[in-house]
Every structure is written in structure tokens, then in C-alpha cells.
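Spelled out, the chains give:
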Amino acid sequence: MSGNTSDGYGAIGMKETQEEKHGGKMSRKQAWNIVTLFCILIFGFTIATLIKPDTEYSQTENRTLAKMPKVTAKSVFSGEFESDYETYLTDQFVLRDQWIGLKTAVERAMLRKESKDIYFADDDYLIEKHTGSFTSDTAQLNVRVLGQFAEKYLGQFGKEHMTVMVVPNAVDILRDKLPAYASPYDEEEYLAKIQNALPEGVWFDTSSILNDHKDEDIYYRTDHHWKTLAAFYVYQQWAEEQGLKVPEESDFEIETATEDFEGTIQSKLGIDTRADSIELYHYTDDPFYTVQTGDSEEVNYSVYDYSALDTKSKYDVFFGGNQALVKIKTKAGTGRRVLVIKDSYAHCFVPFMVKEFDEIHMLDIRYYNQKLSDLIAEGEYTDLLFLYNASGFAEDTSISRLTY
């Protein structure tokens, strides 16, 4: 009896031991499967990235992607190659856009309020933080260079015909929409530095105008630009200061060119979100003018390029995007010729100017390879307008060319 009982317990114990061993084998097998899958994912995607042809340009992000860096002894020992190679892998990684979107979706599901230096703000706004943009060495240098440039040409134009506008970004104006912990206070301080570096009477304060209209739709939700409505409000007050005719909203037919614009900020996150509309302002009396780009002999009769609306970069509906030099000739008959040194914030501002200047030359110094001083000397300009957005100005390494 006792022997049978002992045998029974022994059998049960042996069975349990076998199950434990069997279970242990299964656990180790599962662990190896996970390790194998992990290796396949890591090395497989890396190999796929290296095998696939490089993508030169990202339509989603509207920028040129990194190319495979050249291997040299100097670049390897300095660490430059390793840094450039990491950037290359990041830009060329297979299924890159899908991974970015998945990462952002997970972060939002975790109720995070920011990702990739972008706030998930109220009313579906995606607002860039611009961390470090206004405290960098480039930002400080650009302030000094712009001040020197304005001093150099003040005698030629006079403060009545020279204007510097550096437009604040959404993170500064739309503070009420930001998460509670956000603290975007370095942008205002930076704008004050620019104003203090300029000759008296040259700075035009756009911040106060935009703050007066901050509850309106003046910035895109998915893009870094201001909207045409914001540019209109600023143009009204600038025109009054310049002694130009001040237009009213009733002077325009306002066209909604698209309602499905997803801009550069949305592209960085790769998520589906609330799309933007783009508005185009047409004078009701439709003044005649011509538009030429650079040295091209091709003449256009509108500042709007509707073909851009069929692309990801729908903001390029204004002038077809960034160009080194754009020349607009009108029949305004005012005798005034203006040089606009600008970034893309000027693209929805300049169309308001076509009734007040005989010629408008838009210069993007980032793409212009000639000496600026020669252009100004030969241009017979009566007016000079410098128009940038704050972060764009702070980050632009081409600003140093203003003094050339």
C-alpha cells in the first residue's frame, strides 16, 4: 500500500519534472525565436536600406535627403564619417515614412504632448518648439550681420524706405494653444535683440499685429508658415506706415485654392491629422503685371502657380516655391522699385504689393550666387524690405552673405 503510494508519487513527480523540462525547452525556443526575429529585423532592414537605390528628395518632407558619405582617413578619424553615415541611414532607411508615422501614433496613444520638437497643441495645431534656434552661434551672428547691413544701406534708402520685418512663429503667438508646461520665451527675447541691433525707425513690429488677431486662423495647423490672412493684416499696417493705399478685405476676391494641405510639420510626424486650407487673394480690379524668374525669358501673368496644388508641396502655389530671384513688373506708375530680401514667408505678402510698386524684385539669398552689393548698386531701387520668419532667420547660414 505504502509502496504503491510511493510509486504513485514518484510517477507524478517524474511527470512534473518532465513537464518542467519540456516547458523549459519551449521557453528557450521562444527566446531564440525572439532573438532571431530581432536580428532579422535589424540586419534585414539595414541590408535592405543599403541595397535599395537612394532617394534623392523627400516629397513628404520637402527636402533633399542625405547621400552616402565618402570614406576618407580624415573623415573616419575625425568622426565626421560616422556622423554623416548615421544621418544617411536615418534619411534612407527603408519604409522610413511608415516607421515615423507609427512612432508618432504610439506617442500620441500614450498621451504625450510633443514629439520630434513639435507640440501637439489645442485645436489640432502642430506647433514647432524651435529648441535652441535662437541661442545658437548662427542666430547671434545673424543679428550682428543684419544690423551691419541695415547701417550700410540706411543712407541710400533712408528709414522711410527701409523696413525689416522678422515675423514671429506660431509658438510665440499661439501660446494659449500650447501644453501647460511649454515655455517658448526665447523667441521674443531674440526679436528684441534684432530690433536693438537695427538703426532707429527701420524695425517693423509684426508681433503686436498678430497678437491682436491670435484668435483667428492666422497660422497653418500642419505647416510652419503664416497664412495669407496674417500677411494681409500686417500688409495693411505696413502700407499705412509707408504712405501706400491701405486695402480692405472687400478689395479682394478670396479664393480657397485647396482644403487638403498638409505641410512640413505634419510631414515630420507622418500622421493623419486635420488638413489646412490655402487662401489666395485676388484684387477685384485685377491689375496687370508680369512675373519672371531669374534670367529666364519666360513670362507669367500671375504670382500663383496652380500646378503646385497637385503636389505634396501645395504652399508652392505662391510663386512656384523658392527661387533665387523673381522680378515682377506692374503698371502701378508710382515710380517706386522695391527689393525684397526674403524667405518663403514673403510669398503670400508680396502679392498685396503689386498695385503700389512699378517693380518688385524678390531675392532669396540662400539661392543667389552673385554679389548682393552689385545687385543693389545696379537695381535703381527706391525701397528695401527685409522679410523673414524668426526661426528661419535664426537658422539661416546664408545671412552672412548680406555684407558681400
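Keep in mind the model is a prediction, meaning the values are calculated, not measured.

Q: Explain the packing of aromatic side chains to me, please; I cannot follow it from the model alone.
A: For any two aromatic rings, the description comes down to two numbers: the centre-to-centre distance and the angle of the planes. According to the stated counting rule, one finds 26 aromatic pairs in the structure shown. Considering the side-chain rings of F149 and Y153, the 5.1 Å spacing of their centres and the 55 degrees angle between planes classify their relative orientation as tilted. Of this pair, F149 and Y153 are both found in helix α5 (residues 137-157), 4 residues apart, which corresponds to roughly one turn of the helix. Residue class for F149 comes out buried when judged on its relative accessible area of 3%.

Q: Sorry, what's going on with the pairing of strand β10 (residues 325-330) here?
A: Both faces of the sheet carry side chains from a regular strand, because those side chains alternate between them. By the bridge criterion, 5 bridges tie strand β9 (residues 289-293) to β10 in an arrangement that is antiparallel. Opposite T293, over in β10, you have V326 as the bridge partner. Where β10 lies against strand β12 (residues 359-363), 5 bridges are found, and the strand directions are antiparallel. Directly across from I328, in β12, lies its bridge partner I360.

Q: Would you mind going over helix α7 (residues 186-197) with me for this structure?
A: One turn of an α-helix holds 3.6 residues; hence residues three or four places apart share an orientation. Taking 1.5 Å of rise per residue, the 12 residues of α7 would be expected to cover 16 Å, and the 17 Å separating its terminal C-alpha atoms lies within 8% of that figure. Residues of α7 that are buried: E187, Y190, L191 and I194. Looking down the long axis of α7, one finds its buried residues gathered within 100 degrees of arc, a one-sided arrangement. For α7, the exposed residues set more than 90 degrees away from the buried face come down to E189 and N196. Among the structural elements, α5, β6 (162-167), α6 (170-173), α8 (207-212) and α12 (390-395) are those in contact with the buried residues of α7.

Q: Explanation requested: a nonpolar patch on the surface in the structure shown.
A: On the surface, V71, V76 and F77 cluster together to form a nonpolar patch covering roughly 340 Å² of accessible area. By the element assignment, F77 lies in helix α2 (residues 73-78).

Q: Even after reading the chapter, I still don't get a negative patch on the surface, so can you show me in this structure?
A: Taken together, the side chains of D215, E216, E248 and E249 make up a negatively charged region of the molecular surface. The topology assignment puts E216 in the loop between α8 and α9 (228-242).

Q: Before we go on, may I ask you to explain the sheet that holds strand β11 (residues 337-342) in this structure?
A: The strands that make up a sheet pair up through hydrogen bonds in the backbone, lying either parallel or antiparallel. Spatially, 6 strands are ordered β6-β13-β11-β12-β10-β9 in an open sheet, and the strand pairing comes out mixed. Single-partner strands in this sheet number two, and they are β6 and β9. Averaged over all neighbouring strand pairs, the angle between strand axes comes to 15 degrees, with direction disregarded. Both β11 and strand β13 (residues 383-389) contribute to a ladder of 5 bridges, which runs parallel. Bridging across to β13, V340 finds its partner in L385. Against the sheet, α5 engages β6, β11 and β13, with an angle of about 150 degrees to β6. Along the sheet face, α9 touches β6 and β13 and points at about 160 degrees away from the line of β6.

Each value, and the rule that gives it
- Residues numbered from 1 in each chain as written.
- Predicted model: local features only at pLDDT ≥ 70, side-chain atom pairs only at ≥ 80, totals over all residues.
- Heavy atoms only, no water.
- Phe/Tyr/Trp six-rings, centres within 6.5 Å; stacked < 30°, edge-to-face > 60°.
- Helix = DSSP H or I, 4+ residues; strand = E, 2+ residues; numbered from the N terminus.
- Buried < 20%, exposed > 50% of the residue type's maximum accessible area, 1.4 Å probe, protein only.
- Pairing = 2+ DSSP bridges.
- Expected span 1.5 Å × (residues − 1).
- Arc of directions from axis to C-beta.
- Contact = heavy atoms within 4.5 Å.
- Patch = residues over 30% accessible without salt bridge, like charges linked within 9 Å, V, L, I, M, F, W, Y side chains within 5 Å.
- Areas by Shrake-Rupley, 256 points an atom, 1.4 Å probe, with all protein chains shown as cover.
- Salt bridge = Lys/Arg side-chain N within 4 Å of Asp/Glu carboxyl O.
- Lys, Arg positive; Asp, Glu negative; His and termini not counted.
- Charge placed at Lys NZ, Arg CZ, Asp CG, Glu CD.
- Axes fitted to C-alpha atoms, helices over the stretch in contact; angles between N-to-C directions.

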